[in-house]
Every structure is written in C-alpha cells, then in structure tokens.
Amino acid sequence: MVTYPGALVWPLAALAVLAVVGLALLARRMRLVSLPRLLAAAVSAVVPLAASAVLAQGLWELLVGWRPAYDGMGGLLHRPQGFEAAVAALSVLALLGWYLLLRRRLGPAALAIGALAWPAGLGVLCAQVAPGVSYVVALPALLCALGGLAALLLPGPAWGRVAAATLGTVLAAALLPALARNAFDGMGLALGGASALVLALFGLTALPIVELCLPEPGRRAAVAVPLTAAGLAVALVGFGLAVDRFDAGHPRRTHLAYVLDADTGTARWVSADAEPGEWTRRYVSGHDVAALPAGYARGTLWTGAAPAIRTDGPRVSVLARGGGTIRLRVSAGRGARSVTLRVDRPIIEATASTGGTGPVTLPVTGTRVNTWPAEIRFRGIPARGAQITLRVPGADRIRLTAIGETDGLGAVPGFVPRPPGLVAATREDGDLVAVTRTYLFEL
C-alpha cells in the first residue's frame, strides 16, 4: 500500500472536507438537493456504518455458539474466506437497506453527497489519532467530491458525467477493500466489525454506481434487494462452515494452564475453553474456582485437581511506600521468564527498573472487569528481579497476587502432550506453569 509523508496528511484531510462542502453548496445552488435533506442524509449515513459493524460482530457470536472451538482461535480461522465474504454481504445488506429506505424521501443526490461527509470527517479524525490511515479515507472522499463537481459542471453527453461521478470510487476500490483485508488478516473475525465498517465506508463512496444498478424506486425493490443480500450472507456462512473443518493440517486450539498457589500448596488445571475437547477434559471437569489464587479467576473457567510441584515461585518485598505509591522488589522465581502482578485496587501509573537500565514509566488506564481491577505484566524479567513502583490513588492498603510464569507443561507429573490435530490456544496465559503468592501491603 502506498504511504504518504506525514506533512501531507492534514492538508489532504482538509481538502477532502472542503471538496465535499463545495459539492454540497453547488448541488444546493443547482436545486438538486435541499439543506434539510442533505443534513438528514449525512446524519443517517451512520446507520449503515453502525449496522455493518454490529452485524459482523453478531455473526462471530453466532459462529462461536455453533462451533465453540472457534472461541479459542482468537478470530483467526484456518479457512475464513466464506465468513469474510459473508461479512461483506452483511455490509451490503446494511448499506442497501438504508439507501433504499431513504432513496425516494431524500433523493439519490442528497444521499450520495451526504454520505461523503463520513469518509471526509474520518480523514480529519484519523489525521489526529492515526495518520497512516487518514489518507486511505480522505483521498477517496476528495476524489469522489471532485468527480461530483465535475459531473455537475461538465457539459456534454451523460456518459461523461457518469464517468466523472464514479472517478473517486475507482480509487476507493483500490484502498478501502485493501484496508479491510488487512484488518481481517490482523484481527480476524472476532473483530470483524472493523473490517465491516471499512467496507461500509467503501459502499458510501460507491453510491453513484449503486444507483445506476438499482431498479426504479418502489416497495418491491426496497424489499427484494436487501433480501437477496441477506440470502447471500446465509449461503456464504453455510459454505464457510462446510469448508472450514479441523484436521491434522488445520488443527483446533485448546487452552490449558497449570496454576499452583504457593501459599496453600494447592494446584489446579485451568482452561478457558467454552467447551473443552476430549484431551482437555483429561485435566478439567467443572467450574469450581474457589481453590484458585485470589485475583486469578476471570470469566468462566474450567478447572480440575492437579498435583503440586516443588518450586520457589515469585517473591515480592517492599522497598518504599507512602503517598499512594509503593515501590516493590519483584522476582519471578527460578526458571520463570515473566511475572504478572494483579492488584485489588485500580492503579494509574507503573514504573519498572531492572538496575541495568533507567526506569520506564507508563500510565495505566482502564480496569479489568469481573475480577481484580489492575494488572501489570513484565516479560523477560531478569533472574535478579526488578523494581516496580505502583501509584494507587485513594487506597491505604492493597492485596497483590504475583504470578511467576514458566513456558510449557511438561514438568507437571501426569501431563500428556497434545495429540496430532490439537495445538495451544492464542491466550497469553496458556501452556504456562503459573506459580502465585498473595500479599497484603499497607500504603
């Protein structure tokens, strides 16, 4: 994909907005649209964008409900093409449902011009928060608006004006579907709403071509065309389910971890699979999380009894405290490659230092839900440990669970490796020996 220098992002986004405004003013002056209809079209264009994203996310939930093994795939399926095509069909359904519903009331011109406000506006927004994406939406909006201006101003045969009006759609077809493809490849169907949103944006730029392909306005067309798109989506989902089968070359995934509470000496097998398969059920049998360490459980987990192994586990000691801040010495334990700290209070900042390098400070935003609210992960922690400082506003004490993590489950007595056709899930806490210790600290 072509990239543009950062200095061009803001001018390009501004030009796109100006071109869309200019097109709207010219169409208003030529009495092709009225201002109320134009504003209504622009505001209502959020409907196909939102509906596309919701339908795509709903499709993923249906797929996981139908085939629970998909839940452990992180949305990255082996043969997703049928489902991706279904997401595209659902975007078409949302777009045509909106367009045909308002086509007679607002008019094709108002809908086509008002729709361009969204890629143009997103170009400005992305120029601020994601400059690398800005041109992908701003450039099609700019050329679509320029093509519309040319179509209104150029004399000559109708085909010339049609060609001018579809100019921007050609570039949009080169950029926006490619962005949707990248989103599918990077985030999978679990976040298919992002790809669907981009495809709907492409559809908004293609409304002049859509208008040429549609039958005359009428109730029959308003029903038949969306129903065709819906039927196509259903057929594509069926095709995807038939094609995307698990086998030795395309294995299913399963999540399994070993958790040892070093404070009590009890150990449990843990799986986050929605429906564990035969191999995983060797280790887990129910949903009893009472024996898991404090702050560990989140969401629905399968658990089962496990033998305790001999290990030292993580250690945490206080170096300094006061003023809502606590500085800790943290070690993960012998052989552990990472440590996770879970805290029963929200934290707003964390600083880490290993002694060999200067301290690194990061703000912490948001909270974990349905469990302890704060979590810090330190990958590749040195054997000598690290100093970690936490800012915990408004608390006079905290409970902290340290989790030392070691790759692989082979050290656990009785563990049987996965059979062919089964691999580890993509969860970051799977295939780990996790040894925990829980502390209560005054601030």
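Above this text you will find the structure in question.
Because the structure is a prediction, the values reported are computed rather than measured.

A. Inspection of the overall build of the protein at higher detail. When helices and strands are counted, the protein shows twelve helices and 14 strands. Principal-axis analysis of the C-alpha atoms places the extent of the protein at approximately 85 × 50 × 35 Å. The buried share of the protein, taken over its 443 residues, is 47%. Of the contacts formed within the protein by residues at least 6 apart in sequence, a portion of 77% connects residues at least 24 apart. Accessible surface computed for the protein: about 21000 Å², of which carbon and sulfur atoms make up 63%. One finds the centroid of the 39 positive side-chain charges in the protein at a distance of 8 Å from the centroid of its 25 negative side-chain charges.

B. Looking closely at the nonpolar core. Trp98, Leu111, Leu176, Leu204 and Leu207 are the most contacted members of the largest nonpolar core, which totals 50 residues. Listing elements by their share of this core, those giving two or more residues are α1 (9-29), α2 (35-44), α4 (81-106), α5 (108-115), α7 (131-153), α9 (167-187), α10 (192-205) and α11 (207-213).

C. The arrangement of empty space enclosed by the protein in detail. For the coordinates displayed, the defined rule picks out one cavity of 30 Å³ or more. Estimates place the volume of the largest cavity at around 40 Å³. Taken together, Tyr296, Arg342, Ile403, Glu405, Asp429 and Ala434 form the lining of the largest cavity. Among the residues forming the lining of the largest cavity, the class breakdown is three nonpolar, no polar and three charged.

D. Region of the structure containing the pairing of strand β8 (residues 349-353). Pairing geometry for β8 and strand β9 (residues 360-363), over four bridges, is antiparallel. Bridge pairing in β9 links threonine 351 to threonine 361. Between β8 and the antiparallel strand that follows it, β9, lie six residues; glycine 355 among them carries a positive phi value of about 90 degrees. In terms of strand pairing, β8 meets strand β11 (residues 386-391) through five bridges, oriented antiparallel.

E. Quick look at the sheet that holds strand β10 (residues 374-379). Sheet architecture is open: seven strands sit in the order β4-β3-β2-β14-β12-β7-β10, paired in mixed fashion. Edge strands, defined here as strands with exactly one partner in the open sheet, are β4 (302-306) and β10. Neighbour-to-neighbour, the strand axes of the sheet open up by a mean angle of 25 degrees, direction not taken into account. Alignment of strand β7 (residues 338-343) against β10, held across six bridges, turns out to be antiparallel. Pairing of arginine 342 across the sheet is with glutamate 375, part of β10.

F. Structural detail: the environment of glycine 313. Structurally, glycine 313 is set in the loop between β4 and β5 (315-322). Judged by relative accessible area, glycine 313 falls into the buried class, the value being 5%. Excluding its chain neighbours within four sequence positions, the residues that come into contact with glycine 313 are Ala332, Gly333, Val435 and Arg437.

G. Representation of the packing of α9 against α10 within the structure. Orientation of α9 relative to α10, taken along the N-to-C sense of each, is 175 degrees, at an axis distance of 8 Å. By the criterion of interaxial angle, the relationship of α9 to α10 is roughly antiparallel. On the side of α9, the interface is formed by Thr169, Ala172, Ala173, Leu176, Pro177, Leu179, Ala180, Ala183, Phe184 and Met187, while α10 contributes Gly192, Ala194, Ser195, Val198, Leu199, Leu201, Phe202 and Thr205. Among the residues forming the contact of α9 with α10, the class breakdown is 14 nonpolar, four polar and no charged.

H. View of the side chain of threonine 340. Topologically, threonine 340 is positioned in strand β7. Only 3.2 Å separates the side chain of threonine 340 from the side chain of glutamate 405, close enough to count as a polar contact. With sequence-adjacent residues up to four places away left out, threonine 340 is seen in contact with Glu375, Ile376, Arg377, Thr401, Ala402, Ile403 and Glu405.

I. Expanded view of the pattern of salt bridges. Considering all chains together, one arrives at 17 salt bridges under this definition. For arginine 377, the salt bridge goes to glutamate 405, with nearest N and O atoms at 3.6 Å. Residue arginine 377 is located in strand β10, and its partner glutamate 405 is located in strand β12 (residues 397-407); the two are separated by 28 residues in the primary sequence. Classification of glutamate 405 as buried rests on a relative accessible area of 4%. Connected through salt bridges with shared partners, the residues Arg342, Arg368, Glu375, Arg377, Arg379, Glu405 and Glu428 form a single ionic network.

J. Geometry of the packing of aromatic side chains. Using the criterion set out here, one finds eleven aromatic pairs in the structure. Taken together, a centroid distance of 5.2 Å and an interplanar angle of 65 degrees make the contact between tryptophan 279 and tyrosine 283 edge-to-face. This pair shows no difference in class: tryptophan 279 is buried, exactly as tyrosine 283 is. Members of the aromatic cluster, joined through ring pairs, are Tyr258, Trp269, Trp279, Tyr283 and Phe415. The ring of tryptophan 302 carries the charged tip of arginine 281 above its face, separated from the ring centre by 4.6 Å. Taking NZ or CZ as reference, arginine 342 lies 5.2 Å from the ring centre of tyrosine 296, over its face.

K. Spotlight on a nonpolar patch on the surface. A surface patch of nonpolar side chains, about 250 Å² in accessible area, is lined by Val17, Val21 and Leu25. Checked against the element boundaries, leucine 25 lands in helix α1.

L. Structural detail: the layout of surface pockets. Here the largest pocket is characterised by a volume of approximately 590 Å³. Lining the largest pocket are 25 residues, with Ala109, Ala112, Ala151, Ala165 and Pro208 positioned closest to its centre. Residue assignment for the lining of the largest pocket shows that the elements contributing at least two residues are α1, α5, α7, α8 (158-165), α10 and α11. Of all the elements, α7 adds the most residues to the lining of the largest pocket, at five residues. Among the residues making up the lining of the largest pocket, the classes are represented as 19 nonpolar, four polar and two charged.

The rules behind each value
- Residues numbered from 1 in each chain as written.
- Predicted model: local features only at pLDDT ≥ 70, side-chain atom pairs only at ≥ 80, totals over all residues.
- Heavy atoms only, no water.
- Helix = DSSP H or I, 4+ residues; strand = E, 2+ residues; numbered from the N terminus.
- Buried < 20%, exposed > 50% of the residue type's maximum accessible area, 1.4 Å probe, protein only.
- Contact = heavy atoms within 4.5 Å.
- Areas by Shrake-Rupley, 256 points an atom, 1.4 Å probe, with all protein chains shown as cover.
- Lys, Arg positive; Asp, Glu negative; His and termini not counted.
- Charge placed at Lys NZ, Arg CZ, Asp CG, Glu CD.
- Core = buried A, V, L, I, M, F, W, Y, C linked by side-chain atoms within 4.5 Å.
- 1 Å grid on protein atoms, 1.4 Å probe; cavity = no way out; pocket = protein on both sides within 12 Å on 5 of 7 lines; lining within 4 Å.
- Points joined across faces, edges and corners; volume = space filled by probe spheres on them.
- Nonpolar A, V, L, I, M, F, W, Y, C, P; charged D, E, K, R; others polar.
- Pairing = 2+ DSSP bridges.
- Axes fitted to C-alpha atoms, helices over the stretch in contact; angles between N-to-C directions.
- Parallel < 35°, antiparallel > 145°, perpendicular 65-115°, else oblique.
- Polar contact = N/O pair within 3.5 Å; in protein donor to acceptor, adjacent residues only side chain to side chain.
- Salt bridge = Lys/Arg side-chain N within 4 Å of Asp/Glu carboxyl O.
- Phe/Tyr/Trp six-rings, centres within 6.5 Å; stacked < 30°, edge-to-face > 60°.
- Lys NZ or Arg CZ within 6 Å of the ring centre and 35° of its normal.
- Patch = residues over 30% accessible without salt bridge, like charges linked within 9 Å, V, L, I, M, F, W, Y side chains within 5 Å.

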